[in-house]
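Summary of the model geometry
The lines below spell out each chain.
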Amino acid sequence: FLKGHEEKTIVPGFGYLRQQKCIIFDSSFHTFDDEIYDENYMKNYPLTVNNNGILKNYEFKSSISERLIQISDIVVSILSKFFTYIDATNSEVIRNEILNLNKIQKESLVLLFDLINSSNEQNSFFLASVNPQDINLSRRRIISFIEELL
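Attention in this report is confined to the structure presented alongside it. If you're wondering where the values come from, they're calculated on a predicted model, not measured in any experiment.

Helix length check: helix α5 (residues 103-122) (20 residues) gives 28 Å between terminal C-alpha atoms against 28 Å at 1.5 Å per residue, within 8%. Within the sequence span of α5, burial applies to L109, L112, F113, I116 and S119. Considered in projection along α5, the buried side chains sweep an arc of 125° and stay on one side of the axis. Opposite the packed face of α5, turned more than 90 degrees from it, sit the exposed residues K103, I104, L111, E121 and Q122. Check the buried side of α5 and you find it contacts α3 (67-88), α4 (91-99) and α6 (133-149). Capping of α5 at its N-terminal end is provided by N102; its side-chain oxygen lies 3.0 Å from the backbone amide nitrogen of I104.

Pasting the structure below:
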């Protein structure tokens, strides 16, 4: 099963996921953080849209010099930590912690949920996930539960 694969590597890259975003949002231009494997994947397996030539609505740039990629990394990190927390914490603990938040913490959560909800209303693919559906549904229930507490 593991023969022929790079040692200590479960998934070598996410080029196919990046390509998916480029296809779904084919009228947009995408800037990705430098990832050599993904860049090579997308170069070696080019896609076409409606037989109109190779899809090239993306570029790779270094996050060291690109402020918007740095901001994106921060947002993704916050979301990742939040989802990791709600995935691992039972609702009673979440309830107690939410009720003990101060005003600024509660306002921050409201802003986070506004971002999540407005993104989903704009286009559900903005929040597309590779997680199993049961995890996504559980997260939605917990977010609704937290919103009721706020």
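Now that the structure has been shown, we can carry on.
Right, let's get into the environment of D33. For D33, the position within the fold is in strand β1 (residues 30-33). When neighbours within four sequence positions are excluded, D33 is seen to be in contact with R18, F60, K61, S62, S63, I69 and D73. Reaching out from D33, the side chain makes a polar contact with the backbone nitrogen of S63 at a distance of 3.3 Å.

Bringing the packing of helix α1 (residues 15-24) against helix α2 (residues 36-44) into the picture now. Running from amino to carboxyl end, α1 crosses α2 at an angle of 60°, the nearest separation of the two axes being 8 Å. For the element pair α1 / α2, the angle class is oblique. By crossing handedness, the relation of α1 to α2 is classed as right-handed. Every residue of α2 that contacts α1 at G15, Y16, R18, Q19 and C22 is listed here: D38, Y41 and M42. A class-by-class count of the residues in the contact of α1 with α2 yields four nonpolar, two polar and two charged.

One pass over the full model with this rule turns up five salt bridges. Between E59 and K61 there is a salt bridge; the shortest N-O distance is 3.6 Å. Note on E59: relative accessible area 26%, which makes it partly exposed. A salt bridge links E66 to K61; the shortest N-O distance between them is 3.7 Å. Accessibility expressed as a relative area gives 23% for E66, which makes it partly exposed. Exposure remark for K61: the relative accessible area of 30% places this residue in the partly exposed category.

Conventions used here
- Residues numbered from 1 in each chain as written.
- Predicted model: local features only at pLDDT ≥ 70, side-chain atom pairs only at ≥ 80, totals over all residues.
- Heavy atoms only, no water.
- Helix = DSSP H or I, 4+ residues; strand = E, 2+ residues; numbered from the N terminus.
- Expected span 1.5 Å × (residues − 1).
- Buried < 20%, exposed > 50% of the residue type's maximum accessible area, 1.4 Å probe, protein only.
- Arc of directions from axis to C-beta.
- Contact = heavy atoms within 4.5 Å.
- Polar contact = N/O pair within 3.5 Å; in protein donor to acceptor, adjacent residues only side chain to side chain.
- Axes fitted to C-alpha atoms, helices over the stretch in contact; angles between N-to-C directions.
- Parallel < 35°, antiparallel > 145°, perpendicular 65-115°, else oblique.
- Left-handed = near helix turned anticlockwise from the far one by under 90°.
- Nonpolar A, V, L, I, M, F, W, Y, C, P; charged D, E, K, R; others polar.
- Salt bridge = Lys/Arg side-chain N within 4 Å of Asp/Glu carboxyl O.

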